[in-house]
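Report on the structure
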Amino acid sequence: MYTKYNLVYCKALEGTKWKHLVAIGFASDNNPTAAVVSTDEQDDYLNHQKKFLNFLTVQYGSEGDRWNVRWSDYGADVRFSNNSDASSFVMCFTKRNRSYYKTDNYVGIRGH
């Protein structure tokens with residue numbers, strides 16, 4: 001089980017119980033974008049989901065009180081109801097993996 005999840009993005013939420021959304025990825029060396037392609041990868045992804053739910057329950061209590069999760073193709077969107085939980089999760093359990101993100105560093109005039 002990863003101790004650091006790939007941080008995709010985070011943002012503040014308004015007009016709901018959930019104050020912060022943190023998107024994380026379950027990327028691995030074999031599947032850097034975490035897209036489910038084969039049956040083995042699907043089993044691996046479901047295993048990650050179970051472990052991740054257990055991890056969140058141990059760290060932040062039962063789902064629905066302080067946190068909520070929405071599954072995505074790349075991992076999960078975790079919503080937190082308070083600042084301290086969101087910030088502790090980002091600071092302690094996520095990392096920015098530069099190879100995980102596709103960036104275009106082209107500087108110049110396009111089309112010429």
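Heads up: these notes are all about the structure in this document.

1. Things to note about the environment of Tyr74
You can see Tyr74 is positioned in the loop between strand 3 (67-71) and strand 4 (75-80). We classify Tyr74 as partly exposed; its relative accessible area is 22%. When the C-alpha atoms of Tyr74 and Gly25 are compared, they prove to be 5.2 Å apart, with 49 residues separating the residues in sequence.

2. Examining the environment of Leu7
The topology assignment puts Leu7 in strand 1 (residues 5-12). The spatial distance from the C-alpha of Leu7 to the C-alpha of Phe93 is 9.0 Å, given a sequence separation of 86 residues.

3. Re the pattern of salt bridges
In this structure the tally under the stated criterion is two salt bridges. The residue Arg66 makes a salt bridge to Asp85 at a minimum N-O spacing of 2.8 Å. One end of the pair, Arg66, is in the loop between helix 1 (39-60) and strand 3; the other, Asp85, is in helix 2 (residues 83-93), and 19 residues separate them in sequence. Between Asp77 and Arg70 there is a salt bridge, with its nearest N and O atoms 2.9 Å apart. A residue is classified by how much of its surface remains accessible, and Asp77, at 5% relative accessible area, is buried.

4. Description of the nonpolar core
Of all hydrophobic cores here, the largest spans 18 residues; its most connected members are Ile24, Phe52, Leu56, Phe80 and Phe89. If one sorts the elements of this core by residue count, helix 1 sits on top with five residues. Those residues in contact with Ile24 that lie beyond four places of it in its chain are Tyr5, Asn6, Val8, Phe52, Tyr74, Gly75, Ala76, Phe89 and Thr94.

Definitions and limits used
- Note on numbering: residues in each chain are counted from 1, in written sequence order.
- Residue-level local features of this predicted model are given only where pLDDT is at least 70; pairs of side-chain atoms are given and counted only at 80 or more, and the full residue set underlies all totals for whole chains, interfaces and linings.
- Neither water nor hydrogens contribute to the side-chain values; these are computed over all heavy atoms in the structure.
- Only DSSP runs of H or I reaching four residues or more are called helices, and only runs of E reaching two or more are called strands; each is numbered from the N terminus.
- For every residue, the accessible area obtained with a 1.4 Å probe (protein chains only) is divided by the maximum for its type, and the residue is called buried under 20%, exposed over 50%, and partly exposed between those limits.
- Every case where a carboxyl oxygen of Asp or Glu lies within 4 Å of a side-chain nitrogen of Lys or Arg is listed as a salt bridge.
- Take the buried Ala, Val, Leu, Ile, Met, Phe, Trp, Tyr and Cys residues and link them wherever side-chain atoms come within 4.5 Å; each set so joined is a nonpolar core.
- Contacts were defined at the residue level, with two residues in contact if any of their heavy atoms lie within 4.5 Å.

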